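Here is what each chain is made of, one letter per residue.
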Amino acid sequence: MLPVRRGIFARMQVLAISTLAPLVFLVLSFSSGDRDRLIFPEGDARAEAAQLSSRTPVVEVVFDGLPTATLMNRSGKRINAKRFPGFAKLADQSTWYRNNTTVADFTGRAIPAIETGINPGYRTLPIASEHPNSIFTLLGGEYEFNVHEPVTRVCPQSLCPRSGPNPGGEGLTAGEFAQEMFVKPRPRQFKRFLDGIPPHGRSFNFIHFEVPHEPFHFLPDGRSYNFTPISDVANHNGQKWAGGRGGTATTWQRHYIQTGYADTLTRRMIRRVKRAGIWNEALVIVTADHGMSFDPRTFRRIAFPGNFGGIANPVLFIKYPGQTEGAVSNLHTSTIDIVPTTAQVLGIELPYETDGVPISEAGYGGSIRISNAFNKVAHEPFRKFRRERRRVLRRAARQLGSHTGLFQLGPRSSLLGRRARASHGGSAANATLDSRLDFRPVVLGGGRKVPAFVNGTIGGSAAGSVIAIAVNGRIVATCRAFRFKGQTRWGAVVPPSALHSGSNSVGVYLARRNRLVRLR
């Protein structure tokens with residue numbers, strides 16, 4: 001179902017931005033094609049080829065599970081450049097649509113919506129035969145393809161032979177299909193995508209890369225860290241986070257750090273496109289399929305009224321051909337607007353009808369409607385979603401801080417860097433370090449996992465207490481203890497720079513105001 005988000009005068013509106021001069025794409029005309037022009041051959045479904053005059057290269061990166069709120073500073077007005085310099089650099093050269101919303105909360109529907117401009121049905125599988133019209137069939141035969149679609153198969157095999165044939169999906173929903181196809185993202189996959197961007201000619205470069213989607217195990221530089229008993233702090237069916245505020249905050253910190261990896265990849269993409277010599281004339285799109293919620297009171301991935309501030313608002317940046325200055329747009333855009341916008345910029349008359357519209361025709365406000373994983377349509381007013389996002393930002397600031405870098409996230413960043421000297425009067429509690437052998441000795445390099453996720457258990461009634469973690473004599477992370485699976489646990493990702501090859505010492509402290517009390 002099409003999200004109700006267009007104002008009465010939406011089609012008369014032009015792009016509202018804060019600082020950008022008028023762009024050429026705004027004067028391009030757009031009209032919907034006629035359905036009678038579609039062709040549905042046997043085998044791979046393909047739409048009638050569009051007649052292209054544009055030679056504009058297209059680079060589209062789709063991340064997974066990345067809420068706009070994660071990138072924002074506390075006010076929500078800018079990208080937090082201290083944590084995410086890559087996205088900040090992108091925002092300085094593109095248009096940031098901070099009120100972008102999705103139409104579905106799971107990959108099996110959200111990715112095809114981005115690729116087609118159509119809001120698919122609940123049981124419509126994310127495969128080419130069920131999506132005969134898409135950005136792939138629109139540009140196929142005219143553009144050189146560099147496509148990496150690891151989970152869905154909307155690009156026909158005739159155009160994307162590397163994706164392999166469509167697997168059988170009989171009896172599955174779109175969400176179940178995506179779960180069956182899920183593979184952990186690998187750094188070399190993104191490198192192949194970047195290496196495949198040609199330096200000239202018409203090229204369509206597309207990748208869906210599943211970060212910062214859980215499981216959380218990437219450091220910002222792409223290295224993996226150790227698996228632990230609290231690598232997934234979720235309830236019994238995985239629909240909500242567990243451990244209350246402390247457990248969710250530990251997971252939230254890891255989400256931010258894995259988003260740091262998406263930030264690194266964004267920087268690499270910008271550098272590669274510029275080195276290829278096509279940045280100025282290219283249409284560059286960076287988005288995500290959906291967001292994620294870190295409120296322990298509600299679902300972590302399933303959209304329901306109350307969590308739209310995290311789940312409904314995936315990132316969207318568009319660098320238009322010739323754009324040199326950044327802009328911030330308050331328009332209410334949607335992921336289904338990406339294909340119509342791409343067609344408009346390329347000067348293509350779409351040969352099929354879409355549920356989305358070119359962003360130049362988008363409006364403000366309205367209502368957000370999301371088809372969720374329960375096969376229900378969750379909806380709420382746009383203004384309520386904005387309030388919920390502000391609450392997300394306030395909650396993140398309280399639990400993790402708002403002016404720190406990624407490895408300073410936690411409840412007591414003021415302790416970081418201090419020498420770990422306990423005050424007089426020890427604690428009666430005992431602390432146990434999980435995976436102690438990870439630290440004696442540490443072997444860095446060679447593709448090995450970095451034991452940066454330091455965690456364990458604590459005795460006594462310490463749930464809710466602030467825990468300070470020291471590595472090699474200095475406090476490097478703070479977190480809150482929480483109850484999980486019958487134990488009181490603690491954990492945080494420490495900066496890899498705090499570790500060195502060989503033996504490393506780890507100390508655990510209760511932080512009581514200005515005192516550190518070492519746990520036995």
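Details of helix α7 (residues 244–275)
Taking 1.5 Å per residue as the helical rise, α7 with its 32 residues ought to reach 46 Å, and the 47 Å between its terminal C-alpha atoms agrees with that figure. Within α7, 24 of the 32 residues are buried, leaving the element largely enclosed by the surrounding structure. Following α7 by one or two positions, Gly277 adopts a phi angle in the positive range, close to 80°.

Section: the side chain of Arg202
Mapping Arg202 onto the fold places it in the loop between α6 (187–195) and β4 (203–212). Looking at Arg202, its side chain comes within polar contact range of the side chain of Glu142, at 2.9 Å.

Examining the pattern of salt bridges
As enumerated under the stated definition, the model contains nine salt bridges in all. Here Asp232 ties to Arg300 by a salt bridge, and the two come within 3.3 Å at their closest N and O atoms. Here the residue Asp232 occupies a position in the loop between β4 and α7, and Arg300 occupies one in the loop between β5 (283–288) and α8 (308–311), the gap between them amounting to 68 residues. Across the pair Asp434 and Arg489 runs a salt bridge whose closest N-O atoms are separated by 2.2 Å. One end of the pair, Asp434, is in the loop between β10 (431–433) and β11 (453–458); the other, Arg489, is in strand β15 (residues 487–493), with 55 residues separating them in the sequence. Like Arg489, Asp434 is buried. Taken together, the salt bridges that share partners define one network made up of Glu214, Asp232 and Arg300.

Things to note about the pairing of strand β13 (residues 474–480)
The buried fraction of β13 is high, at five of seven residues. Taken together, the six bridges between strand β12 (residues 466–471) and β13 define a ladder with antiparallel strand orientation. Note that in β13 the partner of Val471 across the bridge is Arg474. Remark: two residues form the turn of the hairpin made by β12 and β13, two consecutive strands paired antiparallel; Asn472 in that turn has positive phi of roughly 55°.

Here we look at the pairing of β12
Of all six residues in β12, six are buried; the element is thus mostly enclosed. Sheet topology places β12 next to strand β16 (residues 506–512); five bridges connect them, and they run antiparallel. Looking across to β16, one finds that Ile467 is bridged to Leu510.

Remarks on the sheet that holds β12
Reading across the sheet, the four strands line up as β13-β12-β16-β17 and stay open at both edges, with antiparallel pairing between neighbours. Edge positions in the open sheet fall to β13 and β17 (515–518), since each of these has one partner strand only. Averaged over all neighbouring strand pairs, the angle between strand axes comes to 35°, with direction disregarded. Of the pairings in the sheet, the one linking β16 to β17 comprises four bridges and is antiparallel in character. Residue Arg512 lies in a different strand from β17, and its bridge partner there is Arg515.

With respect to the confidence of the model for the chain
Low-pLDDT portions of the prediction should not be read for the details of their coordinates. Summarising the model, the chain shows a mean pLDDT of 87, and 86% of its residues fall at 70 or more. Within the model, the stretch residues 1–49 combines pLDDT values under 50 with 122 contacts to residues more than four positions away or in other chains.

What about the state of the cysteines?
As enumerated under the stated definition, the model contains one disulfide in all. Each sulfur in the disulfide pair Cys155 and Cys160 lies 1.9 Å from the other. Of note, the bridge from Cys155 to Cys160 carries an S-S torsion of about 70° and is right-handed in sense. Using a relative accessible area of 1% as the deciding quantity, one classes Cys155 as buried. Cys160 gets classed as buried once you look at its relative accessible area, which sits at 7%.

Section: the sheet that holds β10
Hydrogen bonding along the main chain pairs the strands of a sheet, whether they run parallel or antiparallel. Spatially, the four strands line up as an open sheet ordered β10-β11-β15-β14, and their pairing is antiparallel. Strands with a single pairing partner mark the edges of an open sheet, and in this sheet they are β10 and β14 (482–484). For this sheet, the mean inter-axis angle between neighbouring strands, taken without regard to orientation, is 40°. Pairing of β14 with β15, which is carried by three bridges, proceeds in the antiparallel orientation. Within β15, the position partnered with Arg483 by the bridge is Thr488. In this fold α7 packs onto β11, β14 and β15, with an angle of close to 20° to the strand it touches most, β15.

As for the packing of α7 against helix α10 (residues 382–400)
For the pair α7 and α10, interaxial distance at closest approach is 10 Å and the crossing angle is 100°. Judged on the interaxial angle alone, α10 and α7 are roughly perpendicular. Across the interface between the two elements, Arg245, Ala249, Trp252, Gln253 and Tyr256 of α7 pack against Val392, Arg395, Ala396, Gln399 and Leu400 of α10. Class assignment of the residues belonging to the contact of α7 with α10 gives a composition of six nonpolar, two polar and two charged.

Cut-offs applied
Residues numbered from 1 in each chain as written. Predicted model: local features only at pLDDT ≥ 70, side-chain atom pairs only at ≥ 80, totals over all residues. Heavy atoms only, no water. Helix = DSSP H or I, 4+ residues; strand = E, 2+ residues; numbered from the N terminus. Expected span 1.5 Å × (residues − 1). Buried < 20%, exposed > 50% of the residue type's maximum accessible area, 1.4 Å probe, protein only. Polar contact = N/O pair within 3.5 Å; in protein donor to acceptor, adjacent residues only side chain to side chain. Salt bridge = Lys/Arg side-chain N within 4 Å of Asp/Glu carboxyl O. Pairing = 2+ DSSP bridges. Axes fitted to C-alpha atoms, helices over the stretch in contact; angles between N-to-C directions. pLDDT = per-residue confidence, 0-100. Contact = heavy atoms within 4.5 Å. Disulfide = S-S within 2.5 Å. Parallel < 35°, antiparallel > 145°, perpendicular 65-115°, else oblique. Nonpolar A, V, L, I, M, F, W, Y, C, P; charged D, E, K, R; others polar.

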